[in-house]
Every structure is written in structure tokens, then in C-alpha cells.
Amino acid sequence: MKEVIGRIHSIQSLGTVDGPGVRFVAFMQGCNLRCKCCHNPDTWDRSAGTQYSAFELFEKACRYKEYFGKNGGVTLSGGEPLLQPVFAKEFFRLCKENGINTCLDTSGSILNDNIKLLLDYTDRVLLDIKYTQDKQYVDNVGCTLKVVLEFLSYLDEKGIKTTLRQVIIPTVNDDEENIIKLKEIADAHSCVDCIELLPFRTICQSKYDDMGLKFPFGHIKQADETTIKQLNTYICDYLK
């Protein structure tokens, strides 16, 4: 059988913020969106990155299996892993067949037959619900909220455990109304068992400078922990 090749931007061997427990995290190259808050513009180019076969990446992940424990495993992040669904599916298949938990970190902006096959081998999805208003999606992301909710509905149909994530951006989505709407989305989908609010950071400014690009949200202040804690009070039932 022909080897399935994918493009990987970078690898974190023992990550602790990209899914439950300790995880081997592969950040895949290429993204179909242009989020104004993006921290990784260096992942956009689909032709860049390092090529791996699914089996090569699996072998690399296996080196750290003893550290995963009960809750850990592997995570595919990005970029956008849904742009390489055949590779991602093969990698996850190998992991599942060898008792390794699989987690997909995605924007949920694409859904097709190959992605559905990938989801058959996915234990958990970290779904980035960037905003709760369609206009904000169109203006700041480059897709619609509708397509993301369709992706979430499919996860619900398949019963795939889902964590909703949102980066809290001051003056953009750091208000009570947004968080209440995010909770309503969670309430409407039984697959969601956790919500995570992540603070907006500007540490990525240097990447934009090095690439000769303007950071669209570079003028916005970083989110403070007090605001995050206040917003978390509206969704405490979902926090682990």
C-alpha cells in the first residue's frame, strides 16, 4: 500500500495544553482560514513544513507512550489538520490500533467524507468556536459560524467527546452576552463536556514582523486573568 504523506509544521513531544493529560502534539502545516488573532501565521502555507509518512509520525509518537498515562495520548493541531484528512486518519488509525488516545484540535470549518472517516478514529475534538456571531466570523475568520455548527452537529450525532474552546479577545468577544451564547451552544450539543476560555496574547507579533506581515489584532491589549475568571463564572458547570 502506498504510504500516506503529510506536512508537519512542528512537534511538541510532551504537551500539556492540547487535550487531556500529557500528549504528543503534531502541528500540521497549512490553513484555510485567516483569523485576525492567529498566533501561527507560519503554518498558513500548505506547501511548507516537513514531510512525514503516517507511519513515521506514529513511530515518533510511540517513543513517548510511557508518559501518556491514563488520560494522555496524541493530538493533531495546526494550522488546520482537516486539510490533510487522509494522512490524519491513517495516523489516528495506527494510534487507535495500538491503544493510544487520539485528539483533534480544529476550527471545524470543513466537513466531507474523508473528514468523516478521520472522525471515526477520533476520541476527542477540541473545537475552536471563535465567535458566537456570524458577522464576526465573516469579518475576522473567513468562514461562517454556520459551517462550524454543522461540524459540531456531526460530532454530536457521532457522540464524539468535544471540548469547546474560545480565545477571549478584549473589546471583541470578552462580554457576558458572548459567553452566554457559547454556553447555549454547548447546552444544545450533548457531546460537549467541557468549555475552555483562553486569553488572547500578542507574543506572536515577532512572527508577523519576521514574515513582513501586519498582525491585524496587534493593536489590541492582551486579555487579563481577572476577565477570564469573571467570564468563567457563566460556564463553571462545564469546566474541569
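Quick look at the structure, then. (Residues numbered from 1 in each chain as written. Predicted model: local features only at pLDDT ≥ 70, side-chain atom pairs only at ≥ 80, totals over all residues. Heavy atoms only, no water.)

## Quick word on the packing of helix H1 (residues 54-62) against helix H3 (residues 85-97)
In step 1: Direction vectors running N to C along H1 and H3 enclose 40°, while the axes themselves pass 9 Å from each other. Classed by the angle they form, the pair H1 and H3 counts as oblique. Where H1 crosses over H3, the two elements pack in a sense that is right-handed. Only Phe87, Glu90, Phe91, Leu94 and Cys95 of H3 make contact with H1, whose side of the interface consists of Ala54, Phe55, Leu57, Phe58 and Ala61.
In step 2: Taken together, the residues of the contact of H1 with H3 sort by class into 9 nonpolar, no polar and 1 charged. (Axes fitted to C-alpha atoms, helices over the stretch in contact; angles between N-to-C directions. Helix = DSSP H or I, 4+ residues; strand = E, 2+ residues; numbered from the N terminus. Parallel < 35°, antiparallel > 145°, perpendicular 65-115°, else oblique. Left-handed = near helix turned anticlockwise from the far one by under 90°. Contact = heavy atoms within 4.5 Å. Nonpolar A, V, L, I, M, F, W, Y, C, P; charged D, E, K, R; others polar.)

## Some thoughts on the packing of aromatic side chains
In step 1: Summed over the entire model, instances satisfying the criterion amount to 7 aromatic pairs.
In step 2: Relative to Tyr64, the ring of Phe24 has its centre 6.0 Å away and its plane inclined at 25°; by these criteria the two rings are stacked. Of this pair, Phe24 sits in strand E2 (residues 23-28) while Tyr64 sits in the loop between H1 and helix H2 (65-68), placing them 40 residues apart in sequence.
In step 3: On the accessibility criterion, Phe24 (0% relative accessible area) is buried.
In step 4: By way of ring pairs, the aromatic residues Trp44, Phe200, Tyr208 and Phe215 are connected into one cluster. (Phe/Tyr/Trp six-rings, centres within 6.5 Å; stacked < 30°, edge-to-face > 60°. Buried < 20%, exposed > 50% of the residue type's maximum accessible area, 1.4 Å probe, protein only.)

## Re the nonpolar core
In step 1: Ranked by internal contacts, the top residues of the largest apolar core, which has 66 residues, are Phe91 and Leu164.
In step 2: Setting aside anything within four residues of it in sequence, one finds Phe91 in contact with Phe24, Ala54, Leu57, Phe58, Ala61, Val74 and Leu76. (Core = buried A, V, L, I, M, F, W, Y, C linked by side-chain atoms within 4.5 Å.)

## What about the environment of Glu177?
In step 1: Relative to the helices and strands, Glu177 is located in helix H7 (residues 176-187).
In step 2: Judged by relative accessible area, Glu177 falls into the partly exposed class, the value being 47%.
In step 3: Each C-alpha atom of the pair Glu177 and Thr132 lies 9.2 Å from the other, and the pair is 45 residues apart in sequence.

## Brief notes about the state of the cysteines
In step 1: Counting across every chain of the model gives 0 disulfides.
In step 2: Residue Cys194 stays outside any disulfide, its sulfur separated by 11 Å from that of Cys103, the closest cysteine.
In step 3: Residue class for Cys194 comes out buried when judged on its relative accessible area of 5%.
In step 4: Here Cys204 is not cross-linked by a disulfide; its sulfur's nearest cysteine counterpart is in Cys38, at 7.3 Å.
In step 5: Given the relative accessible area of 3%, Cys204 is considered buried. (Disulfide = S-S within 2.5 Å.)

## Some points on the environment of Glu225
In step 1: Take Glu225: it is sitting in helix H9 (residues 225-232).
In step 2: The spacing of Glu225 and Leu198 is 27 residues in sequence and 9.6 Å in space, taken between C-alpha atoms.
In step 3: Setting aside residues up to four positions removed in sequence, Glu225 forms contacts with Pro199 and Arg201.

## Considerations on H3
In step 1: When the terminal C-alpha atoms of H3 are compared, their 18 Å separation across 13 residues agrees well with the 18 Å that a helix rising 1.5 Å per residue should span.
In step 2: Those residues of H3 that fall on the buried side of the exposure criterion are Pro85, Phe87, Ala88, Glu90, Phe91, Phe92, Arg93, Leu94 and Cys95.
In step 3: Immediately downstream of H3, the backbone of Gly99 shows phi near 75°, a positive value. (Expected span 1.5 Å × (residues − 1).)

## Section: the pattern of salt bridges
In step 1: Scanning all chains against the criterion turns up 12 salt bridges.
In step 2: For Asp193, the salt bridge is made with Arg124, and the minimal N-O distance between the two is 2.9 Å. With Asp193 in strand E8 (residues 192-199) and Arg124 in strand E6 (residues 124-128), the pair connects residues that are 69 residues apart, well separated along the chain.
In step 3: Overall, Asp193 belongs to the partly exposed group, its relative accessible area being 29%.
In step 4: With a shortest N-O distance of 3.4 Å, Asp187 and Lys183 are connected by a salt bridge. Taken together, the residues Asp187 and Lys183, both in helix H7 and 4 residues apart, mark about one turn of the helix.
In step 5: Residue classification places Lys183 among the partly exposed residues on the basis of a relative accessible area of 21%. (Salt bridge = Lys/Arg side-chain N within 4 Å of Asp/Glu carboxyl O.)

## So, the sheet that holds strand E1 (residues 5-15)
In step 1: Strand order in this open sheet of 8 strands is E3-E1-E2-E4-E5-E6-E7-E8, and the pairing throughout is mixed. The open sheet has two edge strands with one neighbour each: strand E3 (50-53) and E8. Adjacent strand axes in the sheet meet at a mean angle of 30° when their direction is disregarded.
In step 2: Bridge count for E1 against E2 is 5 bridges, and the pairing is antiparallel. The residue of E2 that forms the bridge with Gln12 is Val25.
In step 3: In this fold helix H6 (residues 145-158) packs onto strand E5 (101-106), E6, strand E7 (161-168) and E8, with an angle of close to 160° to the strand it touches most, E6.
In step 4: Seen against the sheet, H7 touches E7 and E8 and runs at an angle of roughly 170° to E7. (Pairing = 2+ DSSP bridges.)

Any functional reading would require information that these geometric values do not contain.
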